[in-house]
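Spelled out, the chains give:
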Amino acid sequence: MIEVKGVNYTYQPGTIQEKVALRNINLEIPSPSFLCIVGANGSGKSTFARLINGLLIPQVGDVIVDGINTKDEDKLWEIRKNVGLVFQNPDNQIVGMTVEEDIAFGCENLGLPPKEIEERIEFALKAVGMEEYRKYPPYLLSGGQKQRVAIAGVLAMLPKYIVLDEPTTMLDPKGRKEIMEIIKNLYEKEKKTIILITHHMEEAIWAERIIVFFKGEIVAQGNPKEIFSKDELLELWGLNLPLTTRISKCLYERGFNLPHPLLSPEELALWL
Ligand code: ADP
Ligand code: MG
C-alpha cells in the first residue's frame, strides 16, 4: 500500500519563484488496485507522481510505500524499484540502440545477472506485445510502439506499482487504444497496482477509483460513475468529456446497448 499523509509540496520554497504545487494531500492506494488521477494542467498531477516514487520529497507530511518513508534515503532505491514511472513522451525515455537494449537498461542499473535480465526482457516484451521488434532500433517504431517499449522497460524491473503520467497524450487514437489495453492487462493479469494520470476522461472509465486534482488539492474521489455524473463540477475543474463521449453517455442513459457509457470518439464511430 502507498500512504500519502498530509502532504504539501512547494517548488523553490523561500524564493520569489515559490510555487505551491500540492496542498494537504491524503490518499491510500491499496495493492493491487487501479487508480486514475485526473485534473487540469498545473493541478499538481506530475508533482504527485514524482512524490510517490521518491523523485521529490514532501516538505510537509509523509509518503510511505509498503512501510518505507520516502524520506528514508537509505531505502530510496527500494522505493524506486517498486514504483515504476512512465512519462508522457516516449522519445525522452528511450535510451537503447535496440528495443531489447532499451528494456534491459533499468535491469542493468539494478545490477541483475545477465540470465535474469534475459528472462525479464522476454517477459516484458510479451506483456506489451512487442516480441517481434526485439532487435529493432526504436526510431523505426511508431509513437505507440515506443511507449510500449518504455512500459516494458519499467515492467522488466518488476515494480509492484506503475505510475503512468499522461502516457497516451502524444499518441494517435490507435496508439492510445494499444496503451490502454496494455494498462488494463497489467492490472487484470499481472496484478500490478496502476496509477494512471490522464486528462483523456474517457480513459478514466477503466479505473476502479478516480481522484480529481484541482489547483493542488484533491477535490473529489469516487468510482467512474460517481465522478462522471458531476457534469457541472467537471467543467469547473477544467475537465471536459469529449462531445462524442457526452453523446454516448446520453445514449447509454436512454437505454441504448453500448459496451460502456463513455465511449471515446473512435469507439463511438465503430458503434455507430
Ligand atoms: P500537472 O502535471 O497537473 O500539469 P504539475 O505537477 O506539473 O501539474 O505542476 C503543478 C504546479 O507546479 C504548476 O503550477 C507548475 O507550474 C508548478 N511547477 C511544476 N514543476 C515546477 C518546477 N520544476 N519549478 C517550479 N514550479 C513548477
Ligand atoms: Mg503533468
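Placed above this text is the structure.
In this text, all values refer to a predicted model and were calculated from it rather than measured experimentally.

Asker: Is there a simple way to think about the site of ligand 1 in this case?
Answerer: Lining the immediate surroundings of ligand 1 are Y11, Q12, K19, A21, A40, N41, G42, S43, G44, K45, S46 and T47. Within the backbone of S43, an N or O atom sits 3.2 Å from an oxygen atom of ligand 1. A distance of 3.1 Å separates an oxygen atom of ligand 1 from a polar atom in the backbone of G44. Considered on its own, ligand 1 offers 560 Å² of accessible surface; in the complex 65% of this is hidden by protein. Of all elements in the fold, only strand 2 (19-29) and helix 1 (45-52) reach the threshold of two or more residues within the shell around ligand 1. Sorting elements by how many residues they give to the shell around ligand 1 places helix 1 first, with three residues.

Asker: Any chance you could explain the nonpolar core here in plain terms?
Answerer: Within soluble globular proteins, side chains that are nonpolar tend to cluster in buried spots. Counting 48 residues, the largest nonpolar core has I103, I194, I210 and F228 as the members making the most contacts within it. Ranked by residue count, the leading element in this core is helix 6 (residues 173-188), at six residues. Excluding residues within four positions of it along the chain, I194 makes contact with S33, F34, L35, I162, L164, I183, L186 and Y187. Residues V7, L22, I52 and I68 belong to the second largest nonpolar core, which totals 27 residues.

Asker: What is the right way to look at the pattern of salt bridges in this model?
Answerer: Two side chains that carry opposite charge are able to pair once their charged atoms sit near each other. Counting across every chain of the model gives 18 salt bridges. Of the charged contacts in the structure, one is a salt bridge between E3 and K5, with a shortest N-O distance of 3.7 Å. Judged by its relative accessible area of 16%, E3 falls in the buried class. Look at the salt bridges and you will find they share partners, linking E100, E118, E122, R134 and K135 into a network.

Asker: Can you help me understand the packing of aromatic side chains in this one?
Answerer: Each pair of aromatic rings is reported with the distance of its centres and the angle of its planes. This structure, assessed with the given rule, holds five aromatic pairs. Over the face of the ring belonging to W206 we find K184, whose NZ or CZ atom lies 3.5 Å from the ring centre.

Asker: Would you mind going over the environment of I94 with me for this structure?
Answerer: As for its position among the elements, I94 is in the loop between strand 6 (83-86) and helix 3 (99-109). For the pair I94 and G153, spaced 59 residues apart in sequence, the C-alpha separation works out to 9.0 Å. Dropping the residues within four chain positions of it, I94 is found in contact with D102, P138, K146 and V149.

Asker: What exactly am I supposed to notice about the sheet that holds strand 3 (residues 34-39) here?
Answerer: Paired through backbone hydrogen bonds, the strands of a sheet run either parallel or antiparallel to each other. Reading across the sheet, the six strands line up as 6-7-8-3-9-10 and stay open at both edges, with mixed pairing between neighbours. Every interior strand has two partners, whereas the edge strands, strand 6 and strand 10 (217-222), have only one. Direction aside, the axes of adjacent strands within the sheet are offset by 20 degrees on average. Contacts between helix 5 (residues 143-155) and the sheet are confined to strand 6 and strand 7 (161-165), with strand 6 contributing the most and set at about 165 degrees to the helix.

Asker: Any chance you could explain the pairing of strand 9 (residues 209-214) here in plain terms?
Answerer: Regular strands place their side chains on alternate faces of the sheet. Pairing geometry for strand 3 and strand 9, over five bridges, is parallel. Each residue of the ladder has a partner; that of I37, found in strand 9, is I211.

Asker: Where do I start with helix 9 (residues 243-253) in this structure?
Answerer: Since there are 3.6 residues in each turn of an α-helix, residues three or four apart along the chain are aligned in direction. Taken together, the buried positions of helix 9 are T245, S248, K249 and L251. Buried residues in helix 9, looked at end-on, bunch into an arc of 165 degrees, giving them a common side. Helix 9 presents L243 and E253 as exposed residues on the side facing more than 90 degrees away from its buried surface. Those residues of helix 9 that are buried are in contact with helix 7 (224-228), helix 8 (231-236) and helix 10 (265-271). Following helix 9 by one or two positions, G255 adopts a phi angle in the positive range, close to 90 degrees.

Asker: Even after reading the chapter, I still don't get the packing of helix 3 against helix 4 (residues 114-127), so can you show me in this structure?
Answerer: A pair of packed helices can be characterised by two numbers: the angle between their axes and the separation between those axes. At a minimum axis distance of 10 Å, the contact between helix 3 and helix 4 shows a crossing angle of 120 degrees. Between helix 3 and helix 4, the angle falls in the class oblique. The chirality of how helix 3 crosses helix 4 is right-handed. Within the contact between the two elements, helix 3 uses V99, E100, I103, A104, C107 and E108 and helix 4 uses I117, R120, I121, A124 and L125. Across the contact of helix 3 with helix 4, the residue classes tally to eight nonpolar, no polar and three charged.

Conventions and cut-offs
- Residues numbered from 1 in each chain as written.
- Chains lettered and ligands numbered in written order.
- Predicted model: local features only at pLDDT ≥ 70, side-chain atom pairs only at ≥ 80, totals over all residues.
- Heavy atoms only, no water.
- Near = heavy atom within 4 Å.
- Polar contact = N/O pair within 3.5 Å; in protein donor to acceptor, adjacent residues only side chain to side chain.
- Areas by Shrake-Rupley, 256 points an atom, 1.4 Å probe, with all protein chains shown as cover.
- Helix = DSSP H or I, 4+ residues; strand = E, 2+ residues; numbered from the N terminus.
- Core = buried A, V, L, I, M, F, W, Y, C linked by side-chain atoms within 4.5 Å.
- Buried < 20%, exposed > 50% of the residue type's maximum accessible area, 1.4 Å probe, protein only.
- Contact = heavy atoms within 4.5 Å.
- Salt bridge = Lys/Arg side-chain N within 4 Å of Asp/Glu carboxyl O.
- Phe/Tyr/Trp six-rings, centres within 6.5 Å; stacked < 30°, edge-to-face > 60°.
- Lys NZ or Arg CZ within 6 Å of the ring centre and 35° of its normal.
- Pairing = 2+ DSSP bridges.
- Axes fitted to C-alpha atoms, helices over the stretch in contact; angles between N-to-C directions.
- Arc of directions from axis to C-beta.
- Parallel < 35°, antiparallel > 145°, perpendicular 65-115°, else oblique.
- Left-handed = near helix turned anticlockwise from the far one by under 90°.
- Nonpolar A, V, L, I, M, F, W, Y, C, P; charged D, E, K, R; others polar.

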